[in-house]
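Inside the fold
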Amino acid sequence: MKRCMFADFTFKIPFEERIRLIKENGFDGVMLGFSDGLKYTQYDIVRNFGLEIENVHSQFDRMNAL
């Protein structure tokens with residue numbers, strides 16, 4: 001069974017640091033929030049750490065834009 005964790009558990013820690021912590025603590029993948037500030041880089045950051053993207057939580061006000 002894969003272990004995954006939501007990557008947006010706090011915004012006090014920079015995104016790349018959160019991903020590093022998730023990887024170092026034995027997780028296999030992450031659930032991502034749909035962040036405007038990271039929307040073009042968060043996928044690459046996650047993959048660079050060797051984690052899978054389990055799913056992406058989309059914001060309600062943009063759900064019809066998918």
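Everything here concerns the structure above.
As the structure is a prediction and not an experimental result, all values here were calculated from the model.

**Considering the pattern of salt bridges**
- Throughout the structure, instances matching the rule amount to four salt bridges.
- Among the ionic pairs, Arg-18 bridges to Asp-8, the shortest N-O distance being 3.1 Å. One end of the pair, Arg-18, is in helix H1 (residues 15–24); the other, Asp-8, is in the loop between strand S1 (4–6) and H1, with ten residues separating them in the sequence. Taken individually, Arg-18 and Asp-8 each receive the classification buried, so the pair is uniform in this respect.
- One salt bridge connects Arg-20 with Glu-24, and the closest N-O pair in it is separated by 2.6 Å. On the criterion of helical spacing, the pair formed by Arg-20 and Glu-24 is a turn pair, its members being four residues apart in helix H1.

**Quick notes on the sheet that holds S1**
- Spatial ordering of the open sheet is given by S1-S2-S3, a layout of three strands whose pairing is parallel. If you trace the sheet from one side to the other, it starts and ends with S1 and strand S3 (52–57), each paired once. Here the strands of the sheet are splayed against their neighbours by 25° on average, with no regard to which way each runs.
- Pairing of strand S2 (residues 29–33) with S3, which is carried by five bridges, proceeds in the parallel orientation. Its bridge partner lying in S3, Val-30 is registered against Ile-53.
- This element, H1, spans S1 and S2 of the sheet and lies at about 155° to S2.

**Things to note about the nonpolar core**
- In terms of nonpolar packing, the biggest core is built from ten residues, these being Ala-7, Phe-15, Ile-19, Ile-22, Phe-27, Val-30, Leu-32, Ile-45, Val-46 and Leu-51.
- The element contributing the most residues to this core is H1, with three residues.
- In this structure Leu-51 touches Ile-19, Ile-22, Lys-23, Phe-27, Asp-28, Gly-29, Val-30 and Val-46, once residues within four positions along its chain are discounted.

**Re the packing of aromatic side chains**
- Considering all chains together, one arrives at zero aromatic pairs under this definition.
- A cation sits over an aromatic face here: Arg-3 above Phe-27, 4.6 Å from the ring centre.

**Comments concerning the environment of Glu-24**
- Of the residues examined, Glu-24 reaches a relative accessible area of 54% and is grouped as exposed.
- C-alpha separation for the pair Glu-24 and Phe-49, spaced 25 residues apart in sequence, amounts to 9.6 Å.

Definitions and limits used
- Residues numbered from 1 in each chain as written.
- Predicted model: local features only at pLDDT ≥ 70, side-chain atom pairs only at ≥ 80, totals over all residues.
- Heavy atoms only, no water.
- Salt bridge = Lys/Arg side-chain N within 4 Å of Asp/Glu carboxyl O.
- Helix = DSSP H or I, 4+ residues; strand = E, 2+ residues; numbered from the N terminus.
- Buried < 20%, exposed > 50% of the residue type's maximum accessible area, 1.4 Å probe, protein only.
- Pairing = 2+ DSSP bridges.
- Axes fitted to C-alpha atoms, helices over the stretch in contact; angles between N-to-C directions.
- Contact = heavy atoms within 4.5 Å.
- Core = buried A, V, L, I, M, F, W, Y, C linked by side-chain atoms within 4.5 Å.
- Phe/Tyr/Trp six-rings, centres within 6.5 Å; stacked < 30°, edge-to-face > 60°.
- Lys NZ or Arg CZ within 6 Å of the ring centre and 35° of its normal.

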